[in-house]
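Each chain is listed here by its residues.
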Amino acid sequence: MRIAQVAPLYESVPPYGYGATERIVHYLTEALVGLGHQVTLFATADSTTSAELVPICERGLWRDEAVWDTLTHHVREVEAVIQRARDFDIVHFHIDPLYFPTARRLPCAHVTTMHGRILPHDHGPLFREFSEAPLVSISDSQREPLAWANWKATVHHGLPTDIFQLCENCEDYLLFIGRMMPEKRPDLAIDIARRAGLKLKMAAKIHLGEKQYFSENIAPLVEANRDFVEYLGEVGGAARIDLLSRARALVFPIQWPEPFGMVMIEAMACGTPTIAFRNGAVSEVIEDGVSGYIVDGVDAAVHAVARLGDIDRRRCRAAFERRFTSERMARGYVAVYDALLRKQ
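Just so it is clear, the model here is predicted, and its values are computed rather than measured. (Residues numbered from 1 in each chain as written. Predicted model: local features only at pLDDT ≥ 70, side-chain atom pairs only at ≥ 80, totals over all residues. Heavy atoms only, no water.)

## Focus on helix H1 (residues 20-34)
Part 1 of the argument: When the terminal C-alpha atoms of H1 are compared, their 21 Å separation across 15 residues agrees well with the 21 Å that a helix rising 1.5 Å per residue should span.
Part 2 of the argument: Of all 15 residues making up H1, eleven are buried, and the element is well covered by its neighbours.
Part 3 of the argument: The complete set of buried residues in H1 reads Thr21, Glu22, Arg23, Ile24, Val25, His26, Tyr27, Leu28, Thr29, Ala31 and Leu32.
Part 4 of the argument: Along its buried surface, H1 packs onto strand S1 (2-6), strand S2 (38-43), strand S4 (90-93), helix H7 (237-246), helix H8 (262-269) and helix H12 (326-342).
Part 5 of the argument: Just downstream of H1, Gly36 is the residue with a positive phi angle, here 100 degrees. (Helix = DSSP H or I, 4+ residues; strand = E, 2+ residues; numbered from the N terminus. Expected span 1.5 Å × (residues − 1). Buried < 20%, exposed > 50% of the residue type's maximum accessible area, 1.4 Å probe, protein only. Contact = heavy atoms within 4.5 Å.)

Dropping the structure here:
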């Protein structure tokens, strides 16, 4: 099958540090190539792939100080896809609904994975206008606000089995990793660690729009609790994997409808359990008592820390291998592609 993957341009594929969507596009692209498909990746020029790379801009837009308007680059990307569309059986977009107005020009099948939160007031009118556009959700929870939309499947994220290795000998620290944003509640991660009597390592990216939140709400907490809180900034590559694998647990105290939460399966692949608040897709990802604990609030999270010894890290890793590998993800998407092509 001739498949085009269209990645966001905010980060390279794969990204250095934060960039869940770009990381998934990378894992999916490599898995599709591994299954024998002919894959073309539209992404930044500094991306690394075994597929054919069509470079759109020099580097990740969030890492280019000269870039102000990221939309202009994505519009050029859509046009580049249209110009090459006859080379493909199907085009898989990961830039959400940006391409919808041009979809009717495409001479091949197409699908888009919605990677973010579904907002009825914003997405509802759009999905009605372009009701024929096929969509894939990354969790069943994600699609609930607009369950009537043209969803073709839910395909959970997946990771290669050889990148994250089981680590049975953990250290005595909790880990918060992700974006430093209010919905992720890093302040509650600090509170949980303080009350549990454990060190907390925080590896988090701070986007421009979140700097004020960090400086006013989180930095003072880090400073006031520096005897047990260590803020590491954005961490990528082998250092990120090392942090995840050696943690006693990942703390995921989200207070928003998380569409998926990829860091949970990254931890799972290391055998590291997650203590997660019961929101969004958490109940679809974490098997309570196997790959972590699903809790309702800080008190329950502190209690869960005390029960981490009951989690078998080998069973945690086995749950990842059973449910969240990149090959399983790729085969799920191939099934979607095949169904769409049969309707052509």
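## Let's talk about unusual backbone geometry
Part 1 of the argument: Of note, the amide linkage connecting Val13 to Pro14 takes the cis form, showing an omega dihedral of -5 degrees.
Part 2 of the argument: Mapping Pro14 onto the fold places it in the loop between S1 and H1.

## As for the sheet that holds strand S8 (residues 173-179)
Part 1 of the argument: Strand order in the open sheet formed by six strands is S10-S9-S8-S11-S12-S13, with parallel pairing between adjacent strands. This sheet does not close on itself; its edge strands, each paired only once, are strand S10 (229-231) and strand S13 (292-295). Shown here is a sheet whose adjacent strand axes are inclined to one another by a mean of 20 degrees, direction ignored.
Part 2 of the argument: Examined bridge by bridge, strand S12 (residues 274-277) and S13 share four bridges and lie parallel to one another. Looking at S13, one finds that Thr274 is bridged to Gly292.
Part 3 of the argument: Contacts from helix H5 (residues 186-196) reach S8, strand S9 (199-205), S10, strand S11 (249-252) and S12 within the one sheet, and its direction differs from that of S9 by about 165 degrees.
Part 4 of the argument: Most of the contacts of H7 go to S8, to which it runs at about 140 degrees, and overall it touches S8 and S9. (Pairing = 2+ DSSP bridges. Axes fitted to C-alpha atoms, helices over the stretch in contact; angles between N-to-C directions.)

## Some words on the side chain of Ser139
Part 1 of the argument: As for its position among the elements, Ser139 is in the loop between strand S6 (135-137) and helix H4 (140-143).
Part 2 of the argument: Ser139 sits in the buried class, given a relative accessible area of 0%.
Part 3 of the argument: One polar contact links the side chain of Ser139 to the main-chain amide nitrogen of Gln142, over a distance of 3.0 Å.
Part 4 of the argument: Not counting residues within four places of it along the chain, the set of residues in contact with Ser139 comprises Thr154, His156, Pro259, Ala281 and Glu284. (Polar contact = N/O pair within 3.5 Å; in protein donor to acceptor, adjacent residues only side chain to side chain.)

## Observations concerning the state of the cysteines
Part 1 of the argument: The tally for this structure, following the rule as stated, stands at zero disulfides.
Part 2 of the argument: Counting only cysteine sulfurs, Cys270 is the nearest neighbor of Cys316, a cysteine outside any disulfide, at a range of 8.9 Å.
Part 3 of the argument: Accessibility expressed as a relative area gives 0% for Cys316, which makes it buried. (Disulfide = S-S within 2.5 Å.)

## A short note on the sheet that holds strand S5 (residues 109-114)
Part 1 of the argument: Judged by pairing direction, the sheet is parallel, and its seven strands sit side by side in the order S3-S2-S1-S4-S5-S6-S7 without closing on themselves. Lying at the two open borders of the sheet, with one neighbouring strand each, are strand S3 (52-55) and strand S7 (151-154). Each adjacent strand pair in this sheet contributes to an overall mean axis angle of 25 degrees, direction not counted.
Part 2 of the argument: Bridge count for S1 against S4 is four bridges, and the pairing is parallel. Within S4, the position partnered with Ile3 by the bridge is Ile90.
Part 3 of the argument: The strands touched by helix H2 (residues 70-84) within the sheet are S1, S2, S3 and S4, with S2 carrying the most contacts at an inclination of about 155 degrees.

## Here we look at a nonpolar patch on the surface
Part 1 of the argument: A cluster of nonpolar side chains, namely Leu71, Val75 and Leu98, defines an oily patch on the protein surface of about 240 Å² accessible area.
Part 2 of the argument: The topology assignment puts Leu98 in the loop between S4 and S5.
Part 3 of the argument: Owing to a relative accessible area of 30%, Leu98 belongs among the partly exposed residues under this scheme. (Patch = residues over 30% accessible without salt bridge, like charges linked within 9 Å, V, L, I, M, F, W, Y side chains within 5 Å. Areas by Shrake-Rupley, 256 points an atom, 1.4 Å probe, with all protein chains shown as cover. Salt bridge = Lys/Arg side-chain N within 4 Å of Asp/Glu carboxyl O.)

## Observations regarding the packing of aromatic side chains
Part 1 of the argument: Applying the stated criterion across every chain, the model contains ten aromatic pairs.
Part 2 of the argument: Seen from their ring centres, Phe93 and Tyr99 are 3.6 Å apart, and the 5 degrees between their planes marks the pair as stacked.
Part 3 of the argument: The exposure class assigned to Phe93 is buried, which follows from its relative accessible area of 1%.
Part 4 of the argument: Residue classification places Tyr99 among the buried residues on the basis of a relative accessible area of 0%.
Part 5 of the argument: Ring plane angle 80 degrees and centroid distance 5.3 Å describe the contact between Tyr99 and Phe100, whose orientation is recorded as edge-to-face. (Phe/Tyr/Trp six-rings, centres within 6.5 Å; stacked < 30°, edge-to-face > 60°.)

## Here we look at the environment of Gly280
Part 1 of the argument: With respect to the element layout, Gly280 can be found in the loop between S12 and helix H9 (282-285).
Part 2 of the argument: When the C-alpha atoms of Gly280 and Arg240 are compared, they prove to be 24 Å apart, with 40 residues separating the residues in sequence.
Part 3 of the argument: What Gly280 contacts, discounting residues up to four positions off in sequence, is Ser141, Trp256, Pro257 and Glu258.

Nothing here speaks to function; it is geometry throughout.
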